[in-house]
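Single-letter residue listing:
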Amino acid sequence: MTIHRRAFLNTAAAGLLILSSAVGAQTTGPIKVGAVLSVTGPAAFLGEPELKTLQLYVERLNAEGGVLGRKLELVHYDDGGEAGKANNLTKRLLESDKVDLIIGGTTTGATMAMAPLVEKASVPFISLAGGVVIVEPVKKWLFKTPHTDRMAAEKVFADMKKRGLTKVGLLSETSGFGQSGRKETLAVASKYGIDIVADETYGPKDSDITAQLTKIKSAPGIQAVFVFGLGQGPAVATKNFAQLGIKLPHYQSHGVASDEYLKLSGAAAEGVRLPSPALLVAEALPANDPQKAVVSGYFKAYKERFKEEPSTFGGYAYDALMLSVDALKRAGSTDGEKVRAALEQTKGYVGVTGVFNVSASDHMGLDLSAFRMLEVKGGNWVLGN
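Chains are numbered independently. Their residues run from 1 in the order of the written sequence. In view of the model being predicted, local features appear only for residues whose pLDDT reaches at least 70, and side-chain atom pairs are presented and counted only at 80 or more, with totals across whole chains, interfaces and linings using the full set of residues. Working from all heavy atoms in the structure, the side-chain values ignore hydrogens and water.

Turning our attention to helix 12 (residues 336-344). Most of helix 12 sits inside the fold, with seven of its nine residues counted as buried. Buried means the residue's accessible area, taken with a 1.4 Å probe over protein chains only, is under 20% of the maximum for its type, while exposed means over 50%, and partly exposed covers the values in between. Secondary structure elements follow DSSP: runs of H or I no shorter than four residues count as helices, runs of E no shorter than two count as strands, and numbering proceeds from the N terminus. Turning to helix 12, its buried residues are Gly336, Val339, Arg340, Ala341, Ala342, Leu343 and Glu344. Along its buried surface, helix 12 packs onto strand 4 (125-127), strand 5 (142-144) and helix 11 (312-331). Only heavy atoms enter the contact rule, under which two residues are in contact if any of them lie within 4.5 Å.

Within the secondary structure layout, Leu68 lies in the loop between helix 2 (44-63) and strand 2 (72-78). The exposure class assigned to Leu68 is partly exposed, which follows from its relative accessible area of 37%. Sequence separation between Leu68 and Gly315 is 247 residues, and the spatial gap between their C-alpha atoms is 24 Å. Setting aside chain neighbours within four positions, we find Leu68 in contact with Leu328, Lys329, Gly332 and Ser333.

We now examine the packing of helix 11 against helix 12. Helix axes are fitted to C-alpha atoms over the stretch in contact, other axes to C-alpha atoms as well, and angles between N-to-C directions run from 0 to 180 degrees. As a packed pair, helix 11 and helix 12 sit with axes 8 Å apart at the nearest point and diverge in direction by 115 degrees. Between helix 11 and helix 12 lies a crossing whose hand is right-handed. Between helix 11 and helix 12, the contacting residues are Leu323, Ser324, Ala327, Leu328, Arg330 and Ala331 on the first element and Lys338, Val339, Ala342 and Leu343 on the second. Note that Gly is not counted as nonpolar here; it falls among the polar residues with everything else outside the nonpolar set of Ala, Val, Leu, Ile, Met, Phe, Trp, Tyr, Cys and Pro and the charged set of Asp, Glu, Lys and Arg. Class assignment for the residues of the contact of helix 11 with helix 12 results in seven nonpolar, one polar and two charged. Two helices that cross are described as forming a left-handed crossing if the nearer one is turned anticlockwise from the farther one by less than a right angle, and a right-handed crossing if clockwise.

The subject of this paragraph is the pairing of strand 14 (residues 380-383). A pair of strands is labelled paired if DSSP reports no fewer than 2 bridges between them. Examined bridge by bridge, strand 13 (residues 372-377) and strand 14 share four bridges and lie antiparallel to one another. The partner of Glu375 across the bridge, within strand 14, is Val382. Hairpin connection of strand 13 to strand 14: two residues between the antiparallel strands, including Gly378 at a positive phi of 60 degrees.

Moving on to the pattern of salt bridges. We count a salt bridge whenever a side-chain nitrogen from Lys or Arg sits within 4 Å of a carboxyl oxygen from Asp or Glu. Tallying each qualifying case throughout the model produces 19 salt bridges. Here Glu375 ties to Arg273 by a salt bridge, and the two come within 2.6 Å at their closest N and O atoms. Of this pair, Glu375 sits in strand 13 while Arg273 sits in strand 10 (residues 273-276); the two residues are 102 residues apart in sequence, bridging distant segments of the chain. Of the two residues, Glu375 and Arg273, both sit in the buried class. Put simply, Glu344 and Arg340 hold a salt bridge, and the shortest N to O gap is 2.9 Å. With a gap of four residues between them, Glu344 and Arg340 both fall in helix 12, about one helical turn apart. One exposure class covers both Glu344 and Arg340, and it is buried. Each of Asp159, Lys162, Arg163, Arg273 and Glu375 takes part in one network of salt bridges that share partners.

Of the two site types, the cavity is a set of points on a 1 Å grid over the protein atoms alone where a 1.4 Å probe fits but cannot get out, and the pocket is an open set with protein on both sides within 12 Å along at least five of seven lines, each lined by residues with an atom within 4 Å of a point. Grid points are joined across faces, edges and corners, and a volume is the space filled by probe spheres set on the points. For the structure on display, the rule yields two cavities of 30 Å³ or more. When its volume is computed, the largest cavity comes out at roughly 90 Å³. Taken together, 14 residues form the lining of the largest cavity, with Leu46, Leu128, Gly130, Phe177 and Phe313 sitting closest to its centre. Among the residues forming the lining of the largest cavity, the class breakdown is eight nonpolar, six polar and no charged. Around the second largest cavity, the lining residues are Ile126, Phe143, Lys144, Leu323, Leu343, Phe356, Val358, His363 and Met364. Of the residues contributing to the lining of the second largest cavity, the split by class is seven nonpolar, one polar and one charged.

Right under this line is the structure:
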């Protein structure tokens with residue numbers, strides 16, 4: 001054998017070894033879970049529990065042997081509540097980190113900035129944001145775990161109708177979530193016989209909303225106020241509501257379904273009603289409630305680990321991770337198309353947020369029964385009557 005031929009064979013063998021190692025790494029290395037969350041900024045009280053939840057359960061799953069015999073690796077970034085930054089960080093997850101799937105998009109704005117990149121890359125993506133625009137129209141690679149803003153409006157209006165409230169003032173945030181919430185609220189109001197007699201907006205960083213609330217308060221025949229936003233804004237509105245001495249029934253959306261809202265609002269939140277997942281009233285759920293075990297288990301694990309009450313936003317992250325794990329197991333692979341198809345075939349999956357029945361035409365899979373109507377009483381959440 002000539003020296004040249006021997007060198008060629010050695011080089012080819014080395015190349016095959018490298019290729020074999022690369023293929024092996026794809027099937028035996030860690031399963032990479034990417035996450036872009038708003039851990040700081042105006043939506044931090046949503047993003048922080050989401051990140052803590054993902055870290056907690058990735059550790060737990062790895063301690064139990066991982067998924068498909070492989071460990072999970074969480075690769076996470078903070079977008080600070082900025083949609084443009086979420087877009088850039090998603091590029092990093094896809095191009096540099098080579099993640100197998102993505103969880104995140106704490107806000108609707110961030111999610112929609114991330115979506116085109118994920119769709120192009122054909123990577124499964126589960127959003128933690130509320131806007132109905134995320135799943136309508138259906139996007140092949142994009143799913144979500146929270147209820148939509150439309151569902152929140154419908155749940156609130158059904159409660160108002162039951163209580164004889166038909167003339168409503170709407171106060172919504174100018175963020176992606178608030179804009180979508182306003183649009184959906186106006187769209188479904190007539191379905192429930194609701195007349196929107198005032199329609200005001202505020203910015204997510206506004207520190208005073210009394211001017212808008214004063215206009216709402218003076219609207220002819222007004223019977224109730226519905227605030228649609230997330231982060232600190234709704235708490236500012238709640239305090240201003242009390243400062244102005246407004247005695248009207250006060251409703252909020254699921255965008256504030258956490259104990260952080262109670263802390264920020266203080267006594268001003270007394271009597272506020274809102275739609276929420278079951279987590280905030282875990283202990284009040286009857287023993288035969290199908291979500292009791294899952295909700296109570298998550299509540300206990302999170303509180304023991306972080307010494308603080310869990311939030312519904314962390315629950316959205318729990319469901320996103322567990323739905324992903326369930327899909328990976330059923331797919332028997334990290335192949336994007338197989339995992340995506342498995343997610344789309346999820347049926348009767350009991351989560352913290354509700355019971356998921358996903359399909360090709362519904363990439364969320366929840367109905368109104370997944371919402372519980374809550375009220376603030378004595379500074380705590382209770383099931384609404």
